Amino acid sequence: MARNLPPGITEPHFTAAVEAFRRAVGDKWVLTGEDEVAGYRDPFPILDPGHFAPSAVVLPATVEEVQAVVEAADRHRVPLAPISRGKNLGFGGPAPRLPGAAVLDLKRMNRILDVDDRLGYAVVEPGVTFIDLAAYLHEHGSRFRVDVPDLGWGSVLGNTLERGMGYTPYSDHFATQCGMEVVLPDGDVVRTGMGALPGSRTAQVYPYGYGPSYDGMFTQSNFGVVTKMGLWLLPEPAGFRAYMITLPREEDLAPFTEILRPLRLDRTISHVPSMRSLLLDAAAQGPRSAYFSGDGPVPGSVQRRIMADQRIGMWNFYGALYGTEAAMDAQWSVIRDAFSAIPGAGFHFAGEHDSPVLAARAKIMAGRPNLETAGIFQWLDNAGHIDVAPMAPATGEDALRLYELARDLYLEFGKDYMGNFIFGEREMHQIHLMMFDTEDAGDRARTLRLCEALIGRAAEHGYGAYRAHPAIMDRVAATYGFNDNALLRLSERIKDALDPNGVLAPGKQGIWPRALRATGH
Ligand code: ADP
């Protein structure tokens, strides 16, 4: 297969850039071989396999090497897309948005630079995974834990930059981030917030600093390469119990959300709980073919059989209690009383039900990273997924309206609905895990059309997506269209000012540099 070069870059030009990268990091740490680079494609290709393939991969080990690589990319005008571990698989994994960009893989920068066991924070480099940090805290007898997302193999820093979520009381990773170090597109190094003060004692305890606060600017953007990040850690709870509430009917979603909201707002439920749809949970127990091998979505009669077989609900809610035994007893009596208003609701503690999902969620809500959630990919042959994640206010009407419009689209496109809702205090992320057969071109095309239709329909009803796969980044960006896309135009002005040659992650989140805007990329 011919090398995927970036637009406008000839082979000799590319060779010169690769030479410059080699001088910056050493020969061994610049990959250009087809097989080596293939590992950095979209792991679940929704377009043609190889569409988002990079041209090369550069693996620096220090901040100085990052600076040297960024400067070389700028000099040679070769686009460079940073990743930390590249494990955000439903959102494209390590693949760059611009086909042919070189990937800047930061996994060799994997030091845990500091853990403060009095104030409860850590400082990490990009290559540190949730599994690494949790193991470090455990081995050092720390009194703190790290909040973890569904799969623990991703980068703590990378997940935070995408504004990813976990499920403990510290689940909003951007909200619990404190202080960054960033290499700008011209190679300059900035520390944000209090960290700009040499010898600062408060860089990781007070997030805002003096003057404008810039941390958010480096999330879901292409304005800099983040090389260090502080994050707050969760104090080890006095006690912990995980539970599941099963709901028998689709429409239970509305009253359930109405009951949940006040419990989240007053923090009786102190963490981010989740609610998973029937088929998402069923996939943890076996392949789709065990129940249904016909065309189109799994029919209602089969869904009812799965519910009975697996003793799960149409919706399955996962929550946890944290604190002393007395505090947990008190929380539970309020929670149980409140949700008992829903006819047929089932209540189960971890260990009292054989659901593998409950066992995995119990670990995750306790801050114990693992990879068990990946078991759901047994559902289809060659299973991949692309995630679409519209946000809704946490009201019963909104929860049901957004779910129903999605469900109807799934039926229209002949796909199984698999959803995971995660509940903040005032909002819910309705995450759609669209599973497809990566070897089936028809299924890929249908799934992509469904994604696009869902983004459009959700936006028409006022529900915007919070994150996107490279194949739909521009589509999502276009929905934020107030005042002739003023928000995107602001991002483009910042992009042009900080990165006039447009080398850093062109197109990420729909932000294209001037030259590629002019040519329509
Ligand atoms: P994870 O392994 O936790 O899923 P990734 O490494 O895939 O995280 O990062 C998610 C996205 O965040 C990447 O695709 C990239 O756009 C951005 N990103 C990751 N690390 C950096 C970084 N150090 N600096 C700038 N952007 C980054």
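Residues numbered from 1 in each chain as written. Predicted model: local features only at pLDDT ≥ 70, side-chain atom pairs only at ≥ 80, totals over all residues.

## Considerations on the environment of Ile312
And then number 1: Position of Ile312 relative to the elements: it lies in the loop between α8 (300-310) and β14 (315-322).
And then number 2: Note on Ile312: 26 C-beta atoms within 10 Å, which makes it buried.
And then number 3: Separated by 31 residues in sequence, Ile312 and Asp281 have C-alpha atoms that sit 8.2 Å apart.
And then number 4: Once residues lying within four places of it in the same chain are set aside, the contact partners of Ile312 are Thr246, Leu278, Asp281, Met307 and Ser355. (Helix = DSSP H or I, 4+ residues; strand = E, 2+ residues; numbered from the N terminus. Buried ≥ 20, exposed ≤ 12 C-beta atoms within 10 Å, placed from the backbone. Contact = placed C-beta atoms within 7 Å.)

## Some points on the sheet that holds strand β9 (residues 189-191)
And then number 1: The five strands are arranged β5-β6-β10-β8-β9 in an open sheet whose pairing can be described as antiparallel. Of all strands in the sheet, those with a lone pairing partner are β5 (112-116) and β9, marking the two edges. Neighbour-to-neighbour, the strand axes of this sheet turn through a mean angle of 10°, independent of strand direction.
And then number 2: Here strand β8 (residues 177-183) pairs with strand β10 (residues 225-232) via five bridges, running antiparallel. Note on β10: the bridge partner recorded for Glu181 is Lys228. (Pairing = 2+ DSSP bridges. Axes fitted to C-alpha atoms, helices over the stretch in contact; angles between N-to-C directions.)

## Some remarks on the sheet that holds strand β3 (residues 80-83)
And then number 1: Read across the open sheet, the four strands follow the order β1-β2-β4-β3; overall the sheet is mixed. Here the strands that pair on one side only, and so sit at the sheet edges, are β1 (30-31) and β3.
And then number 2: Sheet topology places strand β2 (residues 57-58) next to strand β4 (residues 102-105); two bridges connect them, and they run parallel. Bridging across to β4, Val58 finds its partner in Leu104.
And then number 3: Contacts from helix α3 (residues 63-76) reach β2, β3 and β4, with the element oriented near 155° to β3.

## Some points on the nonpolar core
And then number 1: With 145 residues, the main nonpolar core has Phe21, Val58, Val69, Leu80, Ala102, Leu104 and Leu133 as its most contacted residues.
And then number 2: Among all residues touching Ala102, those that are not within four sequence positions of it are Pro54, Ser55, Ala56, Val57, Val58, Ala73, Val78, Pro79 and Leu80. (Core = buried A, V, L, I, M, F, W, Y, C linked by C-beta atoms within 7 Å.)

## What about unusual backbone geometry?
And then number 1: Here Arg77, not a glycine, exhibits a phi torsion of approximately 60°, which is positive.
And then number 2: Relative to the helices and strands, Arg77 is located in the loop between α3 and β3.
And then number 3: Judged by C-beta crowding, with 15 C-beta atoms within 10 Å, Arg77 ranks as partly exposed.
And then number 4: Phi is positive for Arg267, close to 65°, though the residue is something other than glycine.
And then number 5: Judged by the 11 C-beta atoms lying within 10 Å of it, Arg267 falls in the exposed class.

## A look at the UniProt feature "domain: FAD-binding PCMH-type" (unreviewed entry) in the chain
And then number 1: Annotation from UniProt places "domain: FAD-binding PCMH-type" (unreviewed entry) at residues 50-236.
And then number 2: From the first C-alpha to the last, residues 50-236 spans 44 Å; its make-up is 16% helix and 22% strand. (UniProt positions renumbered as here; feature names shortened; annotations may be inferred.)

## Focus on the site of the ligand
And then number 1: As a structural note, the neighbourhood of the ligand is formed by 20 residues, with Ser84, Arg85, Asn88, Gly154 and Gly158 the closest of them.
And then number 2: Going through the elements one at a time, β3, α5 (156-161) and β10 are the ones with two or more residues in the shell around the ligand.
And then number 3: Broken down by element, the residue count for the shell around the ligand peaks at four residues, all from α5.
And then number 4: A breakdown of the residues in the shell around the ligand according to their chemical character gives nine nonpolar, seven polar and four charged.
And then number 5: Of the domains in this structure, domain 1 (11-105) and domain 2 (112-235) are the two that each give at least three residues to the shell around the ligand. (Near = placed C-beta within 6 Å. Nonpolar A, V, L, I, M, F, W, Y, C, P; charged D, E, K, R; others polar. Domains from an automatic or database assignment.)

## Quick word on the domain arrangement of the chain
And then number 1: Considered domain by domain, the chain is made up of domain 1 (11-105), domain 2 (112-235), domain 3 (240-470) and domain 4 (475-519).
And then number 2: The straight-line distance from the C-alpha centre of domain 3 to that of domain 4 is 33 Å.
And then number 3: On the side of domain 4, four residues touch domain 3, which itself brings six residues to the contact.
And then number 4: Looking at the side of domain 3 that touches domain 4 residue by residue, the class counts come to four nonpolar, one polar and one charged.

## Structural notes on the packing of helix α11 (residues 396-413) against helix α12 (residues 441-460)
And then number 1: Packing of α11 against α12 leaves a shortest axis separation of 10 Å and a crossing angle of 150°. When the axes of α11 and α12 are compared, the pair comes out roughly antiparallel. Between α11 and α12 lies a crossing whose hand is right-handed. Contact with α11, carried on its side by Leu402, Leu405, Ala406, Leu409, Tyr410 and Phe413, involves Arg446, Arg449, Leu450, Ala453, Leu454, Arg457 and Ala458 of α12 and no other residues of that element.
And then number 2: Its residues assigned to classes, the contact of α11 with α12 comprises ten nonpolar, no polar and three charged. (Parallel < 35°, antiparallel > 145°, perpendicular 65-115°, else oblique. Left-handed = near helix turned anticlockwise from the far one by under 90°.)

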